[in-house]
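Spelled out, the chains give:
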Amino acid sequence: MAFELPKLGYDYTALEPHIDARTMEIHHTKHHAGYTNNLNNAIVSTALEGKSIEEILKGTSGHSTAVRNNGGGYYNHDLYWKVIAPGGSPKPEGVLQDALNEYFGSLENFREAFVQAAVTRFGSGWAWLVLQDKKLVVSSTPNQDNPLMDVAEVQGVPLLGIDVWEHAYYLKYQNRRPDYVNAFWNLINWDEVARRFKG
Ligand code: MN3
């Protein structure tokens, strides 16, 4: 019943040169594993044991800080590994492309908004593309919060997310967060974003 660290669909080296293998290995085997273990420890023998991660997150205002931080960390990293892929995938098509055009004007405008949210998030956190009441919006959250949480300023379904904690990029990019964010853009798995959009 406990949450398990998901396996990646590719090797640690597969996202080079955009994200280096050492960062990937530490991020997955130390950071994501830590959130997973700490989440399990925080919910064992409580009313949350056996619930889905989505159910747990939507009740965040009523949970401990440990559940908020580690539940978010568990979910967010699972999404992160899936919305990127070696070489990325072709640009958004079909209904996702139409929606991005409708709410941002163009893919390039969406990119600017997403990059801006990622670069300007102060300290550790995430930037998101969020499906909110059938609209698409860009937001960012502090720490391991995400749009599924009832404490988030912008609530909805996260379709795409970028981790802007320094542990996600510091070995290769040091303080150059914008370089990492722009490199991430080359890896986006639009097929996965579209799958989440269609629900
Ligand atoms: Mn991380």
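Residues numbered from 1 in each chain as written. Predicted model: local features only at pLDDT ≥ 70, side-chain atom pairs only at ≥ 80, totals over all residues. Heavy atoms only, no water.

Caption draft 1: Seen up close, the pairing of strand β1 (residues 125-132). Most of β1 sits out of view: eight of its eight residues are buried. The alternating pattern of β1 places Gly 125, Ala 127, Leu 129 and Leu 131 and Trp 126, Trp 128, Val 130 and Gln 132 on opposite faces, both of which are buried. The pairing of β1 with strand β2 (residues 135-142) spans eight bridges and is classified as antiparallel. Note on β2: the bridge partner recorded for Leu 129 is Val 138. The loop that links β1 with its antiparallel partner β2 comprises two residues; one of these, Asp 133, has a positive phi angle of about 50 degrees. (Buried < 20%, exposed > 50% of the residue type's maximum accessible area, 1.4 Å probe, protein only. Helix = DSSP H or I, 4+ residues; strand = E, 2+ residues; numbered from the N terminus. Pairing = 2+ DSSP bridges.)

Caption draft 2: Representation of helix α4 (residues 94-104) in the model. Residues of α4 that are buried include every one of Leu 96, Ala 99, Leu 100 and Phe 104, and no others. In a view along the axis of α4, the buried residues occupy a sector of 100 degrees, so they form one face of it. Residues of α4 that are buried sit in contact with α5 (107-120), β1, β2 and α8 (190-198). Once α4 finishes, Gly 105 follows within two positions and takes phi at roughly 95 degrees, a positive value. (Arc of directions from axis to C-beta. Contact = heavy atoms within 4.5 Å.)

Caption draft 3: Focus on the pattern of salt bridges. Taken as a whole, this structure holds six salt bridges when the rule is applied. The salt bridge partner of Arg 22 is Glu 25, with a shortest N-O separation of 3.9 Å. Residue Arg 22 and its partner Glu 25 are both found in helix α1 (residues 21-43); the two are separated by three residues, about one turn of the helix. The class of Glu 25 is partly exposed, set by a relative accessible area of 34%. The closest approach of N and O atoms between Asp 179 and Arg 176, which form a salt bridge, is 3.1 Å. Overall, the relative accessible area of 37% leaves Asp 179 in the partly exposed class. (Salt bridge = Lys/Arg side-chain N within 4 Å of Asp/Glu carboxyl O.)

Caption draft 4: The packing of aromatic side chains, seen in detail. According to the stated counting rule, one finds 13 aromatic pairs in the structure shown. Centre to centre, the rings of Trp 185 and Trp 190 are 5.7 Å apart; their planes meet at 70 degrees, and the pair counts as edge-to-face. Taken as a pair, Trp 185 and Trp 190 share a single burial class, namely buried. Each residue in the set Tyr 80, Trp 81, Phe 104, Phe 110, Phe 114, Trp 126, Trp 128, Phe 184, Trp 185 and Trp 190 is aromatic and connected to the rest through ring pairs, giving one cluster. The ring centre of Tyr 173 lies 5.7 Å from the NZ or CZ of Lys 172, which sits over that ring. (Phe/Tyr/Trp six-rings, centres within 6.5 Å; stacked < 30°, edge-to-face > 60°. Lys NZ or Arg CZ within 6 Å of the ring centre and 35° of its normal.)

Caption draft 5: Layout of the sheet that holds β2. If you walk across this open sheet you meet the three strands as β2-β1-β3, and the pairing is antiparallel. Looking along the sheet, the strands with just one partner apiece sit at the ends: β2 and β3 (157-163). Within this sheet the neighbouring strands show an average axis-to-axis angle of 20 degrees, counted without direction. Contacting β1 and β3, helix α3 (residues 65-83) runs over the sheet at an angle of about 85 degrees to β3. (Axes fitted to C-alpha atoms, helices over the stretch in contact; angles between N-to-C directions.)

Caption draft 6: Just the coordination of the manganese ion, in detail. Taken together, His 27 (NE2), His 77 (NE2), Asp 163 (OD) and His 167 (NE2) make up the full set of protein donors to the manganese ion, lying 1.9 to 2.2 Å away. All donors to the manganese ion come from one chain, and their sequence spacing reads H-x49-H-x85-D-x3-H. One end of the pair, His 27, is in helix α1; the other, His 77, is in helix α3, with 50 residues separating them in the sequence. A single burial state applies to His 27 and to His 77, both of which are buried. (Donors = N, O, S within 2.8 Å, 3.2 Å for Na, K, Ca; no water.)

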